[in-house]
Amino acid sequence: MTRPSLHLRLALAGAVAVVVALAFTSAALTTLFAAHVQRRAEAELSVQLDQVVAGLGRDAQGALGLETPPTDPRFEQPLSGLYWQVDTGTAVLRSRSLWDYVLPLPPDELPDGQIHTHILPDPSGGALLTLERIVTLPDRLGGGVSRVAVALTTADLEEARRAFLRDLLPYNAILAAALIAAGWAQLFIGLRPLATIGERVAAVRSGKQNRMGEDFPKEVAPLVAEVDALIAAREDELERARRRAADLAHGFKTPLQALLGEADRLRESGQDGAARSIEEIAAAMSRHVDRELTRTRLAGRSRAAKTRVGPVIERVVSVVSRTPQGAELSWQIDANGAPLAAIDADDLTEALGAIVENASRHAKSHVTIRARDLGAQIEIAVEDDGPGIEPSRIDEMRKRGARADQGGHGLGLSISAEIAEAVGGALELENIAPGLRVRFLLPAVLG
């Protein structure tokens, strides 16, 4: 199962973090705003409390009353949400806004002049922010102690808090979008070296580069250095393996030459059958040695190789056409455009040499070679007018590593197939009327 990309996971985590942080910030700002509004309300109530205390007096009948009421008109509007009350112990003076409601002040002992804050029930069903002060009346007002209170409904405070939150949300949404976009941009820039590493690895794998390079940030530079070191170690191992295989293959050459010499001596002594058997064994061993040498060389080839196929075709044909079989044939070459193939020139020469030599051995009168650019691939088709191959043999030839020395088509086609597969191509065979067509497909050099 494919996991989400690192980019997506980090982006989602960043977006969630931004949303959560802004939610907490909004809650904190709203709480701070509500506390600020309450302090402002308490400050205004304190002023109005002072006005109520300052307005106390006695009328002509000597009754205690409020000679100078506060100027806020809400005190005169019934159940307006702003109230005052004076409790003298024997009577309760109230603002008209309280109507017939009495503020239920809790039992409280306050030093003279000190203000206490209470939350009391609102006559409308809500809550009241209430400021209370105990005042000792002067002798001209009859003396005694009175409890003076002013109250404001908290509904106004709650509405102010909700209005602040409503005004804050659009700005928070814009800020969240900007922060998330900035996070995406930061991730794109910050993770770009990882994408570059992937591109460089692909370039090394395709043969466009030999090493990752050094132009990376210091955070990923150790990883890149280790990859380059791994590539270098692999190249060293391949080179040592090639040398060991070459040494082993060349070590077989001397015994094979000795066997051929022994075969010559047997033939001279009249033992042609034994000589022929030894020569067949030596030839088979020599073919296998050549095949392993080809495999070893291909293992160490760079994928950055590129070759123009037209000159290679002409060079191979010029050699094969001088052989006894080739000299009797007519040759037709069509390699217009001479496209570039992603293959080493020596490997292409060896593979085409085997294919063309095979065609010259079995053709009756002519051989046609065509090279076409198919876009991502290059096709080199070699056609002869010979007897072709049994269909069952064609299927066997498509199997990797199959022997092709039955039916007269030699080990060369098998080696050509391995060369094609080593560079990312293929070798295909098909019977035509008359003869055989060998399609040698190679990756093209793009761009």
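Topic: the overall build of the protein
Scanning the protein from terminus to terminus reveals 9 helices and 14 strands. Counting every position in the protein, which comprises 447 residues, the buried fraction comes to 36%. Of all intrachain contacts in the protein linking residues separated by at least 6 positions in sequence, the fraction that spans at least 24 positions is 58%. When the accessible surface of the protein is summed, it comes to about 25,300 Å², and 57% of that surface belongs to carbon and sulfur atoms.

Structural notes on the side chain of Thr 153
Looking at the secondary structure, you find Thr 153 in strand S7 (residues 145-153). In terms of polar contacts, Thr 153 uses its side chain to reach the backbone amide nitrogen of Ala 155, at 3.3 Å.

Focus: the sheet that holds strand S13 (residues 426-431)
With respect to topology, 5 strands assemble into an open sheet ordered S9-S11-S12-S14-S13, the strand pairing being mixed. Every interior strand has two partners, whereas the edge strands, strand S9 (330-334) and S13, have only one. Averaged over all pairs of adjacent strands, the angle between their axes in this sheet comes to 15°, without regard to strand direction. Relative to strand S14 (residues 436-443), strand S12 (residues 377-384) runs antiparallel, the two sharing 8 bridges. Across the sheet, residue Glu 383 finds its bridge partner in S14, namely Arg 437. In the packing of helix H5 (residues 309-320) onto the sheet, the strands contacted are S9, strand S11 (366-373) and S12, and the crossing angle to S9 comes to about 175°.

Focus: helix H1 (residues 6-54)
With 49 residues, H1 should reach 72 Å at 1.5 Å per residue; the first-to-last C-alpha distance of 71 Å fits that figure. Considered for burial, the residues of H1 that qualify are Ala 11, Ala 15, Val 18, Leu 22, Ser 26, Thr 30, Val 37, Ala 41, Leu 45, Gln 48, Leu 49 and Val 52.

Here's the deal with the sheet that holds strand S6 (residues 127-136)
One open sheet holds the 5 strands; their spatial order is S4-S3-S7-S6-S5, and the pairing between them is antiparallel. Each edge of the open sheet is held by one strand with a lone partner, namely strand S4 (92-94) and strand S5 (115-121). Mean inter-strand twist for the sheet, computed between neighbouring axes without regard to direction, equals 25°. Of the pairings in the sheet, the one linking strand S3 (residues 82-87) to S4 comprises 3 bridges and is antiparallel in character. Note that in S4 the partner of Val 86 across the bridge is Leu 93. Where H1 meets the sheet, it contacts S3, S5, S6 and S7, and its direction lies at approximately 40° from that of S6.

Focus on the pairing of S5
Note: S5 against S6, 7 bridges, orientation antiparallel. Looking across to S6, one finds that Ile 115 is bridged to Arg 133. Here S5 hands over to S6 after 5 residues, with Gly 125 in that stretch at a positive phi of 105°.

Details of the packing of H5 against helix H7 (residues 345-362)
H7 packs onto H5 with a crossing angle of 45° between their chain directions and a minimal axis gap of 10 Å. The pairing of H5 with H7 is recorded here as oblique in orientation. For the crossing formed where H5 meets H7, the hand is right-handed. In this structure, H5 uses Val 309, Val 312, Ile 313, Arg 315, Val 316 and Val 320 to contact H7, whose residues at the interface are Leu 348, Thr 349, Leu 352, Gly 353, Val 356, Glu 357 and Ser 360.

Focus on unusual backbone geometry
With an omega of -5°, the peptide bond between Ala 433 and Pro 434 qualifies as cis. Considering the arrangement of structural elements, one finds Pro 434 in the loop between S13 and S14. The residue Leu 79 is not glycine, and still its phi comes out positive at about 50°. With respect to the helices and strands, the residue Leu 79 is situated in the loop between strand S2 (64-66) and S3. In this structure, Trp 99 takes a positive phi of about 60° despite not being glycine. By secondary structure assignment, the location of Trp 99 is in the loop between S4 and S5.

A short note on the side chain of Asn 172
Here Asn 172 lies in helix H2 (residues 154-206). Residue classification places Asn 172 among the buried positions, given a relative accessible area of 12%.

Considering a nonpolar patch on the surface
Residues Leu 248, Phe 252, Leu 259, Ile 281 and Met 285 make up a contiguous nonpolar surface patch of roughly 430 Å² in combined accessible area. Only helix H3 (221-268) and helix H4 (272-299) provide two or more residues apiece to the nonpolar patch. The biggest single contributor to the nonpolar patch is H3, with 3 residues. Turning to its location among the elements, Phe 252 is positioned in helix H3.

Remarks on the pattern of salt bridges
Taken as a whole and judged by the stated rule, the model has 16 salt bridges. A salt bridge links Asp 72 to Arg 74; the shortest N-O distance between them is 2.9 Å. A relative accessible area of 19% means that Asp 72 is categorised as buried. The partly exposed category is assigned to Arg 74, whose relative accessible area is 29%.

Focus on the environment of Gln 209
You can see Gln 209 is positioned in the loop between H2 and H3. Setting aside chain neighbours within four positions, we find Gln 209 in contact with Arg 200, Ala 203 and Val 204.

So, the pairing of S14
With respect to burial, S14 is a largely interior element, 7 of its 8 residues being buried. Relative to S14, S13 runs antiparallel, the two being bridged by 6 bridges. Each residue of the ladder has a partner; that of Glu 428, found in S14, is Arg 439. The turn linking S13 back onto S14 is made up of 4 residues, and Gly 435 within it adopts a positive phi angle of 100°.

Points about the nonpolar core
Grouped together as the largest cluster of nonpolar side chains are 38 residues, with contacts concentrated most on Leu 348, Ile 380 and Phe 440. Of all the secondary-structure elements, those providing two or more residues to this core are H5, H7, S11, S12, helix H9 (412-422), S13 and S14. Look past the residues within four positions of Ile 380 in its chain and what remains in contact with it is Val 309, Ile 313, Leu 348, Leu 352, Ile 369, Arg 370, Ala 371, Val 438, Arg 439, Phe 440 and Leu 442. Membership of the second largest hydrophobic core comes to 22 residues, among which are Ala 41, Leu 129, Leu 152 and Leu 157.

Reading the values: the criteria
Residue positions within a chain follow its written sequence, with the count starting from 1. Only residues with pLDDT of at least 70 get local features here, since the model is predicted, and only at 80 or more are side-chain atom pairs given and counted; chain-wide, interface and lining totals rely on the full set of residues. Calculation of side-chain values draws on the structure's entire complement of heavy atoms; hydrogens and water are dropped beforehand. In this text, helices come from DSSP runs of H or I with a minimum length of four residues, and strands from runs of E with a minimum of two, each type numbered from the N-terminal end. Buried residues are those whose accessible area, probed at 1.4 Å on protein chains only, stays under 20% of the maximum for their type, while exposed residues exceed 50% and partly exposed ones sit between those limits. Whether two residues are in contact is decided by their heavy atoms, any of which lying within 4.5 Å being enough. What sets the accessible areas is the Shrake-Rupley method with a 1.4 Å probe; for residues, cover comes only from the shown protein chains. Throughout this description, a polar contact denotes any pair of N or O atoms lying within 3.5 Å of each other; where both atoms belong to protein, one of them has to be capable of donating a hydrogen while the other can accept it, and for residues adjacent in sequence the pair is counted only when both atoms sit in side chains. Strands were regarded as paired on the criterion that DSSP finds at least two bridges between them. Simply put, an axis is a line fit to the C-alpha atoms, just over the touching stretch for a helix, and the angle between two N-to-C directions goes from 0 to 180 degrees. A helix is expected to span 1.5 Å multiplied by its residue count minus one. Between 65 and 115 degrees an angle is taken as roughly perpendicular, under 35 as roughly parallel, over 145 as roughly antiparallel, and anywhere else as oblique. If you view the pair so one helix is near and one far, a crossing is left-handed when the near helix is turned anticlockwise from the far one by less than a right angle, and right-handed when it is turned clockwise. Any residue with relative accessible area above 30% and no salt bridge may belong to a patch, with like charges joined within 9 Å and the nonpolar Val, Leu, Ile, Met, Phe, Trp and Tyr side chains within 5 Å. The term salt bridge refers to a side-chain nitrogen of Lys or Arg lying within 4 Å of a carboxyl oxygen of Asp or Glu. For this analysis, a nonpolar core means a set of buried residues of the types Ala, Val, Leu, Ile, Met, Phe, Trp, Tyr and Cys, connected via side-chain atoms within 4.5 Å.

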